Number of protein chains: 2
Amino acid sequence: MSAAMLRELAKGNDEHVKSFSGSIKFSDFPKQDAVIILTCMDPRSNIIDTWNLPFGPAILRNAGGRATPDALRSMQVLASIMANGQSTLGAVAVIHHTDCGLVNFGNDFIHERMKMNAPEHLHKQIDGMDHGGFTDVEASIKEDMAIIKADSFLPKGLEVLGFIHDSFTGKTTEVV
Amino acid sequence: MSAAMLRELAKGNDEHVKSFSGSIKFSDFPKQDAVIILTCMDPRSNIIDTWNLPFGPAILRNAGGRATPDALRSMQVLASIMANGQSTLGAVAVIHHTDCGLVNFGNDFIHERMKMNAPEHLHKQIDGMDHGGFTDVEASIKEDMAIIKADSFLPKGLEVLGFIHDSFTGKTTEVV
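Since the structure is predicted, the reported quantities are computational estimates derived from the model, not experimental observations. (Residues numbered from 1 in each chain as written. Chains lettered and ligands numbered in written order. Predicted model: local features only at pLDDT ≥ 70, side-chain atom pairs only at ≥ 80, totals over all residues.)

Asker: Please clarify how the relation of the copies chain B and chain A should be interpreted in this entry.
Answerer: Relating one copy of the chain to the other takes a rotation about an axis and a shift parallel to that axis. Each copy superposes on the other: chain B lies on chain A with an RMSD of 0.0 Å after a rotation of 180° and an axial shift of 0.0 Å. This pairing of chains is accounted for by a two-fold axis. Scanning chain B for the C-alpha nearest the rotation axis identifies Arg61(B), at a separation of 2.4 Å. (Least-squares fit on C-alpha atoms with pLDDT ≥ 70 in both.)

Next comes the structure, spelled out in structure tokens:
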């Protein structure tokens, strides 16, 4: 797909606007602690659909649903600005899915592929990168839960849950 | 909201599973270049709804929809693994929205709030952080488009578009 294809997709906005009933202001969000769901960018990982979610939770998505420094940044932001700083972030769910591209293809595959396109002087830098590849879905969820729990810049009482999402049955199962 | 509330939300999965008609394997994704849409974690920034999107595009979400190193990592991953590395990433859309929390509250507010909870020896580190705050939606989109275009590790022909999403009318407008 290309930019032309993206512009075609953007035309779907016309119908949306016609039936749009308005939205609340940020300052009118309820004065309660927020929740964040962190999951994969994969189109099969649409948690709004998978959990039939109501309007409310903030959703973070990246390759794998990994607890990267940027995911922590986003959590720190929400923890700081809810209800003009009077509320915070109450809980986070980390959801990784089976058949994830980062399980099928690890860092080594990704780095070899990147080297085919990048000039040679960048190859060493590529080797030093972590693209988030993993081999065991449950282990990667636990690893990311621990990273979030250990972050000194997030609220002390923050609760962190983890769920495996089976891409083929649609079922999510809490990791305990 | 709390972990108990997240577990309540997770129960919405039961209905989803009942009507779930299965999904394709990663290896069965079409052999064509992928597209990514990068947008905010805010519940009002659900681009699948805003563009009435069909199944397909990968979605990145973080605080603000910013082109952070982690967003670039995710783009590099998808560019490397599509169709077993035979396809790549064709186009990216950067979408920021009006009334974003990161416009209402900039880095200074966030850092003051974080310092209220973090031990004093971490305050200097907080001051050095960039939480992605911005003041002008169009300018932040253009800034992020430039960051993506300048990334040496992404495909040379990658097309990058930008859209402003009006949170109150639901309308998206391309930035040109």
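Having put the structure on the table, let's press on.
Asker: Before we go on, may I ask you to explain the packing of helix α6 (residues 107-117) of chain A against helix α4 (residues 69-81) of chain B in this structure?
Answerer: Two numbers describe a pair of packed helices, the interaxial angle and the distance between the axes. Two numbers describe how α6(A) lies on α4(B): the axes approach to 9 Å, and their chain directions differ by 85°. It follows from the interaxial angle that α6(A) and α4(B) lie roughly perpendicular. Facing Ile110(A), Arg113(A) and Met114(A) of α6(A), the residues of α4(B) in contact are Gln76(B), Val77(B), Ser80(B) and Ile81(B). The residue makeup of the contact of α6(A) with α4(B), split by class, is 4 nonpolar, 2 polar and 1 charged. (Axes fitted to C-alpha atoms, helices over the stretch in contact; angles between N-to-C directions. Helix = DSSP H or I, 4+ residues; strand = E, 2+ residues; numbered from the N terminus. Parallel < 35°, antiparallel > 145°, perpendicular 65-115°, else oblique. Contact = placed C-beta atoms within 7 Å. Nonpolar A, V, L, I, M, F, W, Y, C, P; charged D, E, K, R; others polar.)

Asker: Please explain the UniProt feature "binding site: Zn(2+)" (unreviewed entry) in chain A as it appears in this structure.
Answerer: UniProt's entry tags Cys40(A), Asp42(A), His97(A) and Cys100(A) with the feature "binding site: Zn(2+)" (unreviewed entry), counted in the numbering of this structure. In summary, the annotated positions, though distributed over 61 residues, converge in three dimensions, the widest C-alpha pair being only 9.1 Å. Secondary-structure assignment places Asp42(A) in the loop between β1 (34-40) and α3 (47-50). Here Asp42(A) is in contact with His97(A), Cys100(A), Gly101(A) and Ala58(B), once residues within four sequence places are set aside. A tally of 27 C-beta atoms within 10 Å means that His97(A) is categorised as buried. Every residue in contact with His97(A), bar those within four places of it in the chain, is listed here: Cys40(A), Asp42(A), Arg44(A), Ser45(A), His165(A) and Ser167(A). (UniProt positions renumbered as here; feature names shortened; annotations may be inferred. Buried ≥ 20, exposed ≤ 12 C-beta atoms within 10 Å, placed from the backbone.)

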